[in-house]
Amino acid sequence: MKKIALINHGCAKNLVDSELMLGLLAQNGYEITLDENDADLIIVNTCSFIHDAEKESVQSILQLVESGKKVIVTGCLPQKHKEELKEAIPEVCALVGTTDFKDIVEVVEKVLNEQNDEYISKISEKPEYIYPESINRQQITMGSSSYIKIADGCNYHCGYCIIPQLRGAYHSRTMENIIKEAKELVAKGVTEIDLIAQDTTSYGIDIYGKPSLAKLIKELNNIEGLGWIRIMYAYPSQMTDELIDAIAKCDKVAKYIDIPLQHYSKKVLEAMRRPSFDYKELISKLRDKIPGVSIRTAFIVGYPGETEEDFNELYEFVKWARFDKMGVFEYSREKNTTSYSMANQVPKKIKHERFKSLMELQQQISYEINQSYIGKTIPCMVESFTDDGVIIMRSEHDAPEIDGLVYAKADKPVVPGDIEQVLINNTDEYDLFGTIV
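Described below are features of the structure shown in this document.

Considerations on the sheet that holds strand 13 (residues 294-301)
Part 1: With respect to topology, six strands assemble into an open sheet ordered 7-10-11-12-13-14, the strand pairing being parallel. This sheet does not close on itself; its edge strands, each paired only once, are strand 7 (145-149) and strand 14 (325-330). Direction aside, neighbouring strands of the sheet carry axes that sit 20° apart on average.
Part 2: Sheet strands touched by helix 9 (residues 241-249): strand 11 (228-231) and strand 12 (253-258). Its angle to strand 12, the strand with the most contacts, is close to 140°.

Right, dumping it as structure tokens:
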């Protein structure tokens, strides 16, 4: 039996695609291994969102081909660069685009066929992502939480982003299929479900004629045995009153909103082709309607034309908003985006200074917010254990893999997936420390 390993780069949405590919291969009799050295073939599922992500994917491919491995490259990198990638790394056996992974079995068979030495390329010119419902995901991150992709593709055309070209138009999954998958995950022992898409708040618009995320979370909220439902990648203009009320009222929905705002200056937001209403009003409404909500956001600094005045507007907004979690990215100039050819590109040094300045401000805010937890008892989920017996946990206000952790001690046995009450007695900038009570 041939063994196949997979290396995943990029976001959680990519991870789900990787798990679908492995599921398809497992259904067709291939053995999946986590040991690259033991594999007959390695699939590298790549990210191409920004230059640094692309570089990481390329380095990973080069290391594998240099060690003599058979490599198939899938995902965003081949979709973006197509034949250029084959010219740059001719040792690669096959390229598969973002929406062509349903053909992975056929591609693997050809690559492993000793008589076949042709180069294989499966890249749709016009990607169209339709979720393959018949495949059972082979999960490589099975634990107390699991991602569910509720849609893919994107109908927005932000000035810095290449995703619509790589993934195609927005396509939602049906509510029935999402609920079925959620129930199956809970039956396997999953406590938390994280809903993901390029934009979760547009969910259902293409199949139900209107945004239907509020209805979906109400349905998921009825699943017995499910602990938390978390919404990721919300779009600011789609945070409707209906959705905000549903988040507030559904007891299983984590009081946590991930809403990348990208900037605050009206001028920069318009240049980015982003919604440019006053975000202060939105943040105030979220905090007013959802008591105790934790808000995560992300910003881009150094977008073409961003002046010192624009950046100061953003800085003052961050100071005012005091976000619980925040990511900052230096603008990455990507070909085939409207911002690529814009005038007044910001020098690298200035971009980095702005990045540093905003992150230092956020670090201080994060530390002060964490300090406010001291003496409070909060529900946290058991994730794993350190070698010396410390319990690694996550609060309702922390998303997997991107936010902080809670390190706790206990004088009773606990099991991954359990939600326990933790008394917080210490913190640093990003993590909490406490005792299970």
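Anyway, onward from the coordinates.
Digging into the pattern of salt bridges
Part 1: All told, the structure shown has 29 salt bridges when counted by the stated rule.
Part 2: One salt bridge in this structure joins K80 and E334, with 2.7 Å as the shortest N-O distance. Placement of the pair is K80 in helix 3 (residues 76-81) and E334 in the loop between strand 14 and helix 13 (348-371), with a sequence separation of 254 residues. For the pair shown, K80 and E334 are each scored as buried.
Part 3: Linking E133 and R173 is a salt bridge whose minimum nitrogen-to-oxygen distance equals 2.9 Å. On the criterion of sequence distance, the pair formed by E133 in the loop between strand 6 (120-122) and strand 7 and R173 in the loop between strand 9 (171-172) and helix 7 (175-187) is long-range, its members being 40 residues apart.
Part 4: What makes E133 partly exposed here is its relative accessible area of 34%.
Part 5: One connected set of salt bridges, linked through shared partners, spans E19, E133, R137, R173 and E181.

Quick notes on the sheet that holds strand 6
Part 1: Judged by pairing direction, the sheet is parallel, and its six strands sit side by side in the order 2-1-3-4-5-6 without closing on themselves. Only two strands of the sheet have a single neighbouring strand rather than two, namely strand 2 (31-32) and strand 6.
Part 2: Here strand 1 (residues 3-8) runs beside strand 2; their pairing, made up of two bridges, is parallel. Bridge pairing in strand 2 places I4 opposite I32.

What to know about helix 5 (residues 104-112)
Part 1: Considered for burial, the residues of helix 5 that qualify are I104, V105, V107, V108, V111 and L112. Seen end-on, helix 5 carries its buried residues on one side only, within an arc spanning 160°.
Part 2: On its buried side, helix 5 packs onto strand 1, helix 1 (12-27), strand 3 (41-46), strand 4 (71-75), strand 5 (94-96) and strand 6.

Some points on the nonpolar core
What tends to happen in soluble globular proteins is that the nonpolar side chains get buried as a cluster.
Part 1: Among the nonpolar cores identified, the biggest contains 71 residues, and L195, L216, I217 and M239 are the most heavily contacted of them.
Part 2: Of all the elements, helix 7 adds the most residues to this core, at six residues.
Part 3: Residue contacts for L195: discarding those within four places in its chain leaves I148, I150, T200, L213, L216, I217, L220, I229, R230, I231 and M232.
Part 4: The next biggest cluster of nonpolar side chains, apart from the first, holds 33 residues, and it includes M21, V105, I120 and Y147.

Brief notes about the side chain of Q238
Part 1: Assignment of secondary structure puts Q238 in the loop between strand 11 and helix 9.
Part 2: Accessibility expressed as a relative area gives 15% for Q238, which makes it buried.
Part 3: Not counting residues up to four positions away in its chain, the partners in contact with Q238 are Y156, T201, S202, P211 and L243.

A few points about the packing of helix 7 against helix 8 (residues 213-220)
Describing two packed helices takes the angle between their axes plus the distance from one axis to the other.
Part 1: Between helix 7 and helix 8, the least distance of the axes is 10 Å, while the angle of their chain directions is 35°. In terms of crossing hand, the pair formed by helix 7 and helix 8 is right-handed. Contacts between helix 7 and helix 8 involve M175, I178, I179 and A182 on the former and, on the latter, K215, L216, E219 and L220.
Part 2: Partitioned by chemical class, the residues of the contact of helix 7 with helix 8 number six nonpolar, no polar and two charged.

Calculation rules
- Residues numbered from 1 in each chain as written.
- Predicted model: local features only at pLDDT ≥ 70, side-chain atom pairs only at ≥ 80, totals over all residues.
- Heavy atoms only, no water.
- Pairing = 2+ DSSP bridges.
- Helix = DSSP H or I, 4+ residues; strand = E, 2+ residues; numbered from the N terminus.
- Axes fitted to C-alpha atoms, helices over the stretch in contact; angles between N-to-C directions.
- Contact = heavy atoms within 4.5 Å.
- Salt bridge = Lys/Arg side-chain N within 4 Å of Asp/Glu carboxyl O.
- Buried < 20%, exposed > 50% of the residue type's maximum accessible area, 1.4 Å probe, protein only.
- Arc of directions from axis to C-beta.
- Core = buried A, V, L, I, M, F, W, Y, C linked by side-chain atoms within 4.5 Å.
- Left-handed = near helix turned anticlockwise from the far one by under 90°.
- Nonpolar A, V, L, I, M, F, W, Y, C, P; charged D, E, K, R; others polar.

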